[in-house]
Amino acid sequence: GTLSSMICWMLTEDDDRPDGGKLDYLLKPDTWRGYDDELFDALRVAVVVKRERSVRVAKEKDIIPGADYYETLLTDDKIERAEYFSQFLQEAHGKDLYFFDPDNGMEVPTVPVGRKNSSKYLYWQEPKGIHAKGASALIYQHFPHVKRDAFIARMVAEFQKRTAFEDIISF
C-alpha cells in the first residue's frame, strides 16, 4: 500500500533570495521524467506552465499520494520553534515517513537555535523522536561548496552518531 507521510515544509518568511530558483530540470524531461513521470508532469505543469510557485500545489494536486502537510511558518525564535516541532509531531503521529525541507539542511555550528537564520536549518534533536515511533525520515540537505563524497561521508557519520537511525541513505 501507499506509505503515509507528513511533509514538514519548514516555511520561512520570504527573504527575496534566489533560493528555489533551480528549475532547469523541469525543462529536461528526457533526463528527469523517467524517475517519476506523474510527479515530473505535475511539477512541470504547475511551475513552468501555470507559474504556480507555491508548496500548496503539492497538497492541492495530491502530488504525493497519502501525504499530509505541515505548512506553519517557522521563525528564528527558540520558544516558537519548540512549539512548532511539538505541534508537528502531534499532527504527524502514526505516519510512516517524515519529510523535512529546511532551506539549508542540518544545523551548522555557526548558527545555534534561536539565532538569525536558524529557521533555515533542522537541528539534530528535532528528528530524534521519529525513530522511536518506528518511522523513517527523509531530510533535504543542501550541498555546501566542498567535495560531495567527503561531505556525504561526514553527514552519514554525524547521523549515526547523533540519531538512532541505523540505515542512512544518501541520494
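Below you will find a few notes about this structure. (Residues numbered from 1 in each chain as written. Predicted model: local features only at pLDDT ≥ 70, side-chain atom pairs only at ≥ 80, totals over all residues. Heavy atoms only, no water.)

Some words on the overall build of the protein chain
Stated formally: Under the scheme used here, helices are H or I runs from DSSP no shorter than 4 residues and strands are E runs no shorter than 2 residues, and both carry numbers assigned from the N terminus. We take the radius of gyration over the C-alpha atoms and set the globule estimate at 2.2 Å times the residue count to the 0.38 power. Accessible area is worked out with a 1.4 Å probe on protein chains only. A residue is then buried under 20% of its type maximum, exposed over 50%, and partly exposed in between. Only heavy atoms enter the contact rule, under which two residues are in contact if any of them lie within 4.5 Å. Here, Shrake-Rupley sampling with a 1.4 Å probe gives the accessible areas, and only protein chains in the shown set may cover a residue. In summary, the charge assignment counts Lys and Arg as positive and Asp and Glu as negative, without counting His or the chain termini. The atom standing in for a charge is NZ when the residue is Lys, CZ when it is Arg, CG when it is Asp and CD when it is Glu.
A count of helices and strands for the protein chain gives six helices and six strands. Secondary structure elements of the protein chain, listed N to C terminal, follow the sequence β-α-α-α-β-α-β-β-β-α-β-α. Computed over the C-alpha atoms, the radius of gyration of the protein chain is 17 Å, within 12% of the 16 Å expected from 2.2 N^0.38 for a compact globule of 171 residues. Principal-axis analysis of the C-alpha atoms gives the protein chain an extent of 40 × 35 × 30 Å. Buried positions account for 29% of the 171 residues belonging to the protein chain. Within the protein chain, contacts between residues at least 6 apart in sequence are counted, and of these 63% link residues at least 24 apart. With an accessible surface of roughly 11,300 Å², the protein chain has 51% of that area assigned to carbon and sulfur atoms. Here the protein chain contributes 24 positive and 30 negative side-chain charges, whose respective centroids are spaced 5 Å apart.

As for the sheet that holds strand β3 (residues 97-100)
Put simply, the rule is: At least two DSSP bridges between two strands are required for those strands to pair. Between the N-to-C directions of two axes lies an angle of 0 to 180 degrees, each axis being a line fitted to C-alpha atoms and, for a helix, fitted only over the stretch in contact.
Strands sit in the order β2-β1-β3-β6 across an open sheet of four strands; the sheet is parallel. Two strands in the sheet have a free side with no partner beyond their single neighbour: β2 (67-70) and β6 (136-139). Averaged over all neighbouring strand pairs, the angle between strand axes comes to 20°, with direction disregarded. As judged from the four bridges shared by β3 and β6, these two strands associate in the parallel manner. Counted as the bridge partner of Phe100 is Ile139 from β6.

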